[in-house]
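A closer look at the structure
Letter by letter, the chains look like this.
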Amino acid sequence: MRTQVCIIGGGPSGLLLSQLLHRKGIDSVVLERRTRAHVLGRIRAGVLEKGFVALMREAGVGERMDREGFVHDGTMIAYDDHLFRIDFTKHTGTPVVVYGQTEVTRDLYDAREASDGKLIFNVEDVVINDADTDAPFVTYSRDGTGHRIDCDYVAGCDGFHGVSRQTIPTSVRREYEKVYPFGWLGILSETPPVNDELIYANSDRGFALCSMRNANLSRYYIQCPLSDDAADWTDQMFWDELRRRIPGEAAERLVTGPSIEKSIAPLRSFVTEPMRWGRLFLCGDAAHIVPPTGAKGLNTAASDIHYLYHGLADWYLNKESEGLERYSEKALARIWKAERFSWWMSNLLHRYPDQSAFDLKMQRADLEFLESNESAQKVLAENYVGLPF
Ligand code: APR
Ligand code: PHB
């Protein structure tokens, strides 16, 4: 088989790229290791920046997001007995949209399938060959049979554990990583959200987050030791701990119910450089990971896709190669800023096992400054709603 762009990975990055390229008449094939149902079973964050929302619309898949997504003009921050609001729209002119990643992915699958997009599921043994030549090809097996796809370019959208990043020789690749000494225990419950905006809480028992998917589906998280097992946390234990970590008025309003999902996610900051090697381009989690504190995971994937999509479109439609040549540089410039913000917001809100009395005072001063200073709030708002592409 031959295609213009072979996309490894059918998560949000790969699907969005393939849909955007399709709208410009550029052919792609998406190779996904799992099934559609498996990909849609993953629960991930659901806060979309303006740039992501614009890309979804440009890809022709914004209709349900525009209808069902919730526009949030701000967020709440809590510490001790303080509760204050950061007004995104006042400070930046832009809100965020709360619409789950699962829904984003479902809309993208529906769109690709409606236009007979080439999505191949259950692929195994994917190997990217000759990416540093003018004739790359990808091999894989499916149901025991080997296949080959010849292409112009390969987009590595296969997440943190994929093969694309590993294809770049270690002599070229440089990786930067920080692993945080705690996890997030998250639950999903069919209960009305405790607040109409998110609440990020720093408490002396650790971080907590009140989020949501819709009017009757709530998503809550609490910081926990990495050694914990989600199965040891009963729903009752979770709700009791959450109540202790959020402001009293919210704790009183909290509607609890059975969890329909419960899991622990580790927190990591990670970036690989460069994001391009020959004709292979890395996008999304394949190239970088952020801790979830600033809700930047999906949104950083979107800026990569924006740069790569425009680079490919400029090349195929206008024979201009600058976008492709500068892909890694442009993508990384924005990624590092999102990494900084997610790291900063994680430091602001979590309790660290080795935090000294001095560190705690610094954290508290940072929170007090944020609460009282409009400029500090504007900086948070600008980063949260997303820096320009
Ligand atoms: N071959 C084919 N597909 C693969 C391979 C492989 N060797 N390895 C992984 N995959 C698939 C995975 O099954 C997954 O569906 O690649 C996809 C990668 O999807 P994600 O991990 O969701 O990554 P991405 O599309 O970049 O999305 C970024 O999703 O992971 C979250 O926090 C992240 O919100 C961010 C967003
Ligand atoms: C979520 O709703 O899952 C969510 C929201 C905001 C975050 C992280 C996760 O910062």
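Presented here is a report on the structure given in the accompanying data block.

About the thresholds
- Residues numbered from 1 in each chain as written.
- Chains lettered and ligands numbered in written order.
- Predicted model: local features only at pLDDT ≥ 70, side-chain atom pairs only at ≥ 80, totals over all residues.
- Heavy atoms only, no water.
- 1 Å grid on protein atoms, 1.4 Å probe; cavity = no way out; pocket = protein on both sides within 12 Å on 5 of 7 lines; lining within 4 Å.
- Points joined across faces, edges and corners; volume = space filled by probe spheres on them.
- Helix = DSSP H or I, 4+ residues; strand = E, 2+ residues; numbered from the N terminus.
- Nonpolar A, V, L, I, M, F, W, Y, C, P; charged D, E, K, R; others polar.
- Domains from an automatic or database assignment.
- Pairing = 2+ DSSP bridges.
- Near = heavy atom within 4 Å.
- Polar contact = N/O pair within 3.5 Å; in protein donor to acceptor, adjacent residues only side chain to side chain.
- Areas by Shrake-Rupley, 256 points an atom, 1.4 Å probe, with all protein chains shown as cover.
- Sits in = over half its atoms within 2 Å of the grid points.
- Disulfide = S-S within 2.5 Å.
- Buried < 20%, exposed > 50% of the residue type's maximum accessible area, 1.4 Å probe, protein only.

1. Quick word on the layout of surface pockets
Its boundaries defined by the atoms lining it, the second largest pocket holds a volume of some 260 Å³. In terms of lining residues, the second largest pocket is bounded by 15 residues, among which Gly100, Glu103, Arg213, Asn214 and Leu217 are the most central. The set of elements that each furnish at least two residues to the lining of the second largest pocket consists of helix 4 (63–68), helix 6 (101–114) and strand 15 (206–214). It is helix 6 that contributes the most residues to the lining of the second largest pocket, 3 residues altogether. The residue makeup of the lining of the second largest pocket, split by class, is 6 nonpolar, 4 polar and 5 charged. When residues of the lining of the second largest pocket are assigned to domains, at least three fall in each of domain 1 (5–72 + 95–177 + 268–345) and domain 2 (180–267 + 353–385).

2. Notes on the sheet that holds strand 1 (residues 5–8)
Strand order in the open sheet formed by 6 strands is 8-2-1-12-19-18, and the pairing between neighbours is mixed. Across the chains shown, the open sheet's two edge strands, defined by having one partner strand only, are strand 8 (118–120) and strand 18 (276–277). Pairing geometry for strand 1 and strand 12 (residues 153–156), over 4 bridges, is parallel. Following the sheet pairing, Ile8 is matched in strand 12 by Gly156.

3. Some points on the site of ligand 2
Not every one of the 14 residues close to ligand 2 is listed here, only the nearest: Tyr200, Ser211, Arg213, Tyr221 and Pro292. Within the side chain of Ser211, a nitrogen or oxygen atom sits 2.5 Å from an oxygen atom of ligand 2. A distance of 2.6 Å separates an oxygen atom of ligand 2 from a polar side-chain atom of Tyr221. Across the complex, the protein chains shield 99% of the 280 Å² of accessible surface that ligand 2 would expose by itself. Applying the majority rule of atoms within 2 Å of the grid points places ligand 2 in the largest cavity. Within the residue set of the shell around ligand 2, elements represented by two or more residues are strand 15 and strand 16 (217–224). Sort the elements by how many residues they give to the shell around ligand 2 and strand 15 lands first, with 3 residues.

4. Concerning the state of the cysteines
For the coordinates displayed, the defined rule picks out 0 disulfides. No disulfide involves Cys157; its sulfur sits 4.1 Å from the nearest other cysteine sulfur, which is in Cys283. You can call Cys157 buried: its relative accessible area is 6%. Cys210 carries a free sulfur, and the closest cysteine sulfur to it, the one in Cys224, is 16 Å from it.

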